[in-house]
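Understanding the architecture of this molecule
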Amino acid sequence: MRWQCWEQVTAAAGFAAPLGTPVVEAAEGSAELQPWRVYLDLRWLPLAGRGWFQPDLGLSLGAVLVRMTGTARPGYAAAEDLVPAFAANLVAGIEYRALDWLALRLDGWVGMTLPGVGVRFADRRVTEWGWPLLGVTLAVAAGW
């Protein structure tokens, strides 16, 4: 949901669900990760109101919940966890406005989670999730 606060500034709230389930594997077993994200962003539109293409640049802040489900090999115990983290991202996008009320958007973002979400097997950390945090979205936007 995006709101144009002023001529060159928009504010948005969004939710992202996992489309896939990344898997981390090691000698002790494997873990499936499912990241869920809720965020607010504020963007500057340098060409607001001019032309069909509208670039924007901004900052996104939000929360991430990573659900981890482990599968253990013999001799180890499986575990499940839900890990919360704060997420900060720089965002950039471009919007093609086919009509006044219909647009196609392409957005990219880069940032990180604080604290980092670590995946542990036994007593060792095997990987970090969210350092850096990268994403690309393609969306159809309808407005009024």
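Look a little higher up for the structure.
Residues numbered from 1 in each chain as written. Predicted model: local features only at pLDDT ≥ 70, side-chain atom pairs only at ≥ 80, totals over all residues. Heavy atoms only, no water.

**Observations regarding the nonpolar core**
- Leu-33, Val-66, Met-68, Val-117, Val-119, Phe-121 and Trp-129 are the most contacted members of the largest nonpolar core, which has 17 residues in total.
- Elements that contribute at least two residues to this core include exactly strand 3 (23-26), strand 4 (29-44), strand 5 (53-72), strand 6 (80-99) and strand 8 (117-121).
- If sequence neighbours within four positions are ignored, Val-117 has contacts with Val-66, Met-68, Val-83, Ala-85, Thr-127, Glu-128, Trp-129 and Trp-131. (Core = buried A, V, L, I, M, F, W, Y, C linked by side-chain atoms within 4.5 Å. Buried < 20%, exposed > 50% of the residue type's maximum accessible area, 1.4 Å probe, protein only. Helix = DSSP H or I, 4+ residues; strand = E, 2+ residues; numbered from the N terminus. Contact = heavy atoms within 4.5 Å.)

**Concerning the pattern of salt bridges**
- One pass over the structure, following the stated rule, counts 12 salt bridges.
- Among the ionic pairs, Arg-105 bridges to Asp-56, the shortest N-O distance being 2.8 Å. Separated by 49 residues along the polypeptide, Arg-105 in strand 7 (residues 102-114) and Asp-56 in strand 5 bring together distant segments of the chain. The exposure classification of Arg-105 matches that of Asp-56, with both residues buried.
- The residue Glu-95 makes a salt bridge to Arg-105 at a minimum N-O spacing of 2.9 Å. Of this pair, Glu-95 sits in strand 6 while Arg-105 sits in strand 7; the two residues are 10 residues apart in sequence, bridging distant segments of the chain.
- On the basis of relative accessibility, which here comes to 7%, the residue Arg-105 falls in the buried class.
- Linked by salt bridges that have partners in common, Arg-2, Asp-41, Arg-43, Asp-56, Glu-95, Arg-97, Arg-105 and Asp-107 make up one network. (Salt bridge = Lys/Arg side-chain N within 4 Å of Asp/Glu carboxyl O.)

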